[in-house]
Amino acid sequence: MFKFKLVMVNASANGAFYLSPVIYIISKIFKCKFIFRKFAGNFDILFKYKSNHIQKWISTKTYFQSDLILSETKQLVQFFKKNGCQNVKWFPNVRKKSTYTDYKDSFNKRFVFISHVKKSKGIFEILKAMEHLPNDYTVDVYGPFSDNSCTLSDFKKTRVKYMGVLKSDNVLSTLNEYDVLLLPTYHSGEGYPGIIIEAYSLGIPVIATNWNAIPEIVSEQSGGILVPIKDPVSLKNAILSINEKNYPSMKKKASEAFKAFDSDIVNGHLISWIYKLSE
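Residues numbered from 1 in each chain as written. Predicted model: local features only at pLDDT ≥ 70, side-chain atom pairs only at ≥ 80, totals over all residues. Heavy atoms only, no water.

### Description of the pairing of strand β3 (residues 68-71)
Burial of β3 is two-sided: the residues Leu-68 and Leu-70 facing one way and the residues Ile-69 and Ser-71 facing the other way are all buried. In the sheet, β3 pairs with strand β4 (residues 88-90) via 3 bridges, with the strands oriented parallel. If you follow Leu-70 over to β4, its bridge partner there is Lys-89. On the question of chirality, the crossover connecting β3 to the parallel β4 by way of helix α4 (residues 74-82) is right-handed. (Buried < 20%, exposed > 50% of the residue type's maximum accessible area, 1.4 Å probe, protein only. Helix = DSSP H or I, 4+ residues; strand = E, 2+ residues; numbered from the N terminus. Pairing = 2+ DSSP bridges. Right-handed = clockwise from strand over helix to strand, strands pointing away.)

Here it is as structure tokens:
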């Protein structure tokens, strides 16, 4: 480690509490700059309610003193700053710009959900909303059943079609066949869902929930609609609010919103930050 000027740790919650303090101390012994990057968007809640006093003290005395902290959400940027961290940057979830050129402005009432298929992702709200939508609306669901809160049998006798699990290479091409992404999640660990950013890369509007940091990236300005959690009526109304007249404008806004998550742009910021620390 002493051969290097800089150490960067990309940490989950467990990595933050258990591994990051050790690496931070070692890096400082060898006089290396230290960058701490926190994945996901609920670390402030875990820190406040799930960590003990010893973990809090160790965190604030080690990696909270990093030369640079990268936070996925703006909410976490404020959390770290309030806890005395000096150099904190917003470093969101990023994706490569889509190379698809088949840009459709026509609205065909085709909606899609792509994520883990479980209760906390809003699956049952989608099923209930679909009961009250006209017959020319379709909703397809892709993703793995990740717990026992939802099973294939829940889709029987509904108009929502479960389409199976997508390979990562097929996500964009499949998403591109639909008009709008649905993600009525209230999953506790939600930060910036990657599927929302992938939708933006294709100019696809999003209906999601006013939950955790999602309002930071889904709004009217991004061509999106926010609904309350666990509210199938609001979800149904949001779906019905999209039409042939407003859809092209929503797509244009979604495409513009992707610029904040374009890996070529955002990673360029990271390189410049690293360069300054290494000087």
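Now that the structure is up, let's keep going.
### A look at the sheet that holds β3
Strand order in this open sheet of 4 strands is β1-β2-β3-β4, and the pairing throughout is parallel. Two strands in the sheet have a free side with no partner beyond their single neighbour: β1 (6-11) and β4. Averaged over all adjacent pairs, the angle separating strand axes in this sheet is 20°, with direction ignored. The sheet contacts of helix α1 (residues 13-29) involve β1 and β2 (33-38), and relative to β2 the element is tilted by about 175°. Here α4 sits on the sheet in contact with β2, β3 and β4, set at roughly 175° to β4. (Axes fitted to C-alpha atoms, helices over the stretch in contact; angles between N-to-C directions. Contact = heavy atoms within 4.5 Å.)

### So, the sheet that holds strand β9 (residues 206-209)
Sheets are built from strands paired through backbone hydrogen bonds, the pairs being either parallel or antiparallel. In space, the 6 strands of this open sheet follow the order β7-β6-β5-β8-β9-β10, with parallel pairing throughout. Looking at the sheet topology across the chains shown, the edges are occupied by β7 (160-162) and β10 (225-227). Going across the sheet, the axis of each strand differs from the next one's by a mean of 25°, ignoring polarity. Bridging between β9 and β10 involves 3 bridges; their strand directions are parallel. The residue of β10 that forms the bridge with Ile-207 is Ile-225.

### What to know about unusual backbone geometry
One non-glycine residue, Lys-157, adopts positive backbone phi at about 65°. Positionally, Lys-157 belongs in the loop between β6 (138-142) and β7. Among the residues examined, Lys-157 registers a relative accessible area of 90% and is labelled exposed.

### Section: the side chain of Lys-251
Assignment of secondary structure puts Lys-251 in helix α9 (residues 247-257). At a separation of 2.9 Å, a polar atom in the side chain of Lys-251 contacts the main-chain carbonyl oxygen of Gly-203. (Polar contact = N/O pair within 3.5 Å; in protein donor to acceptor, adjacent residues only side chain to side chain.)

### So, the side chain of Ser-98
Summarising the element assignment, Ser-98 is placed in the loop between β4 and β5 (110-114). A relative accessible area of 13% places Ser-98 in the buried class. Apart from residues lying up to four places away in sequence, Ser-98 is in contact with Ser-201 and Leu-202.

### Structural notes on the nonpolar core
Phe-111, Leu-175, Ile-196, Tyr-200, Ile-207 and Ile-242 are the most contacted members of the largest nonpolar core, which totals 53 residues. What Ile-207 contacts, discounting residues up to four positions off in sequence, is Phe-111, Val-180, Leu-181, Leu-182, Leu-183, Pro-184, Ile-225, Val-227, Leu-235, Ala-238, Ile-239 and Ile-242. In this structure, Ala-16, Tyr-24, Phe-79 and Cys-85 belong to the second largest nonpolar core, which totals 21 residues. (Core = buried A, V, L, I, M, F, W, Y, C linked by side-chain atoms within 4.5 Å.)

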